Amino acid sequence: VQIVESGGGLVQPGGSLRLSCAASGFAFTFSSYFMSWYRQAPGKERELVASITGFGGRTDYLDSVKGRFTISRDNAKNAVFLQMNSLKPEDTAVYYCNAKRTLTYVYWGQGTQVTVSS
């Protein structure tokens, strides 16, 4: 199983980034996995930022990113995305992609750094 995040970088406040998560090697079809983005800032605990059900019928967001971030998925490409707009310095963190299918099948990527600074 491999999960690879990409798209992070340095952006000014108010800017945008689009994170991508590419998944491969899953034992079950990708659409059967609940996908999420988490983030962890220095000295803080990892927190759930956004999640999406298998066919995208439901999405949920951390209150502080509602209206600014959008999670989506492309099951044909085994990929999940996080569109981040109106970025703030407090969004600075390492962002991780997570795949879950019951408690038995839980996978993490290595993370991608997002830095919001002028």
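In case you missed it, the structure is sitting above this.
Residues numbered from 1 in each chain as written. Predicted model: local features only at pLDDT ≥ 70, side-chain atom pairs only at ≥ 80, totals over all residues. Heavy atoms only, no water.

Caption draft 1: Molecular detail of the pattern of salt bridges. Under the defined criterion, the tally for this structure stands at 5 salt bridges. R58 is paired through a salt bridge with D60; the nearest N and O atoms lie 2.9 Å apart. On the accessibility criterion, D60 (32% relative accessible area) is partly exposed. Salt-bridge contacts for D91 lead to R68; the nearest nitrogen and oxygen are separated by 2.8 Å. Here D91 is found in the loop between strand 8 (79–84) and strand 9 (93–101), whereas its partner R68 is found in the loop between strand 6 (59–61) and strand 7 (69–74), with 23 residues between them in sequence. By the burial criterion, D91 is buried, and R68 matches it. Members of the salt-bridge network, linked through shared partners, are R39, E47, R68 and D91. (Salt bridge = Lys/Arg side-chain N within 4 Å of Asp/Glu carboxyl O. Buried < 20%, exposed > 50% of the residue type's maximum accessible area, 1.4 Å probe, protein only. Helix = DSSP H or I, 4+ residues; strand = E, 2+ residues; numbered from the N terminus.)

Caption draft 2: Region of the structure containing the nonpolar core. Grouped together as the largest cluster of nonpolar side chains are 28 residues, with contacts concentrated most on M35, W37, F69, L82, M84 and Y95. For this core, the elements supplying multiple residues, two or more each, are strand 3 (17–24), strand 4 (34–40), strand 5 (47–52), strand 7, strand 8, strand 9 and strand 11 (112–116). With residues up to four places along the chain from it excluded, the contact list for Y95 reads E5, L19, W37, Y38, R39, V49, F69, L82, M84, G111, T112 and V114. (Core = buried A, V, L, I, M, F, W, Y, C linked by side-chain atoms within 4.5 Å. Contact = heavy atoms within 4.5 Å.)

Caption draft 3: Structural context of the side chain of S36. Within the secondary structure, S36 sits in strand 4. Excluding residues that lie within four positions of it along the chain, S36 makes contacts with L48, A50, S51, I71, Y96, C97 and N98.

Caption draft 4: Looking closely at the packing of aromatic side chains. As enumerated under the stated definition, the model contains 7 aromatic pairs in all. Residues F26 and F30 carry aromatic rings whose centres are separated by 6.1 Å and whose planes lie at 25° to one another, so their mutual orientation is stacked. Accessibility classification places F26 together with F30 in one group, the buried group. Arranged with centres 5.5 Å apart and planes meeting at 25°, the rings of F26 and Y107 form a pair that is stacked. With a gap of 81 residues between them, F26 in the loop between strand 3 and strand 4 and Y107 in strand 10 (residues 105–108) connect regions that are remote in the sequence. In this structure F26 comes out as buried when scored by relative accessible area, which is 15%. Ring pairing ties together the aromatic residues F26, F30, Y33 and Y107, which thus form one cluster. The ring of F81 carries R18 above its face, with NZ or CZ at 4.3 Å from the centroid. When the ring centre of W108 is taken as reference, the NZ or CZ atom of R46 above it lies at 4.6 Å. (Phe/Tyr/Trp six-rings, centres within 6.5 Å; stacked < 30°, edge-to-face > 60°. Lys NZ or Arg CZ within 6 Å of the ring centre and 35° of its normal.)

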